[in-house]
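An overview of the molecular structure
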Amino acid sequence: MQIAGSTLEILSPEAVLVDRLSAWEFWDLDQDGINAFLVWRAAYENLNERRLEALIKVRHLNEAWKRFSSFTERHLNTEPTAEELSRWASKQDP
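Below, the structure is looked at part by part. (Residues numbered from 1 in each chain as written. Predicted model: local features only at pLDDT ≥ 70, side-chain atom pairs only at ≥ 80, totals over all residues. Heavy atoms only, no water.)

**Some points on unusual backbone geometry**
The line we're drawing: Helix and strand definitions follow DSSP, with helices as H or I runs of at least four residues and strands as E runs of at least two, each counted in order from the N terminus.
Despite not being glycine, D28 has its phi angle at roughly 60 degrees, a positive value. Tracing the backbone through its elements, the reader meets D28 in the loop between α1 (13-27) and α2 (30-43). Backbone geometry places K91, a non-glycine residue, at a positive phi of 65 degrees. As for its placement among the helices and strands, K91 is situated in the segment after α5 (82-89).

**Description of the nonpolar core**
Test applied: Among the buried residues, those of types Ala, Val, Leu, Ile, Met, Phe, Trp, Tyr and Cys that are joined through side-chain atoms within 4.5 Å form a nonpolar core. Only protein chains enter the accessibility calculation, which uses a 1.4 Å probe. A residue is then buried if its area is under 20% of the maximum for its type, exposed if over 50%, and partly exposed in between.
Among the nonpolar cores identified, the biggest contains 19 residues, and L17, L21, F37, F68 and W88 are the most heavily contacted of them. If you list the elements that add at least two residues to this core, you get α1, α2, α3 (49-58), α4 (62-74) and α5. The element contributing the most residues to this core is α2, with 5 residues.

**A short note on the packing of aromatic side chains**
Threshold: Aromatic rings from Phe, Tyr and Trp, with only the six-membered ring used for Trp, were paired whenever their centres fell within 6.5 Å, and each pair was classed as stacked if the ring planes differed by under 30 degrees, edge-to-face if by over 60, and tilted otherwise.
Within this structure, the stated rule accounts for 9 aromatic pairs. Their ring planes at 25 degrees and their centres at 4.8 Å tell us that W40 and Y44 sit as a pair that is stacked. Taking relative accessible area as the criterion, Y44 reaches 29% and is therefore assigned partly exposed. For the pair F71 and W88, a centre-to-centre distance of 4.6 Å together with 15 degrees between the ring planes defines the contact as stacked.

**A short note on the pattern of salt bridges**
Inclusion rule: Whenever a carboxyl oxygen of Asp or Glu lies within 4 Å of a side-chain nitrogen of Lys or Arg, that contact is scored as a salt bridge.
What the rule picks out here adds up to 8 salt bridges. In this structure, R20 and D19 form a salt bridge, with 2.6 Å as the shortest nitrogen-oxygen distance. K66 serves as the salt-bridge partner of E63, at 3.3 Å between the closest nitrogen and oxygen. Here E63 and its partner K66 are both found in helix α4, 3 residues apart, which amounts to about one turn of the helix. Each of the salt bridges in this network shares a partner with another, and the network as a whole consists of E25, D28, R67 and K91.

Printed below as a string of structure tokens:
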């Protein structure tokens, strides 16, 4: 996309989610896991499952995705508390 003569790159929510999961897996920082959850929460109804699965596979994030999916499935209809989210993101909660 061109804006005022500059190119603007648009990232899909799937790409942002996988990027945050990758950072969470590699750097082991709670904030990256929390940001992945926030991206998911904002976009989960519109995520392209095929694109998401392909990106997860390419980035070798199967284990991180399993942990992430387990947590998000528990919170499809409920908001996690700050403590729950922090405990999960610090990998203290499966």
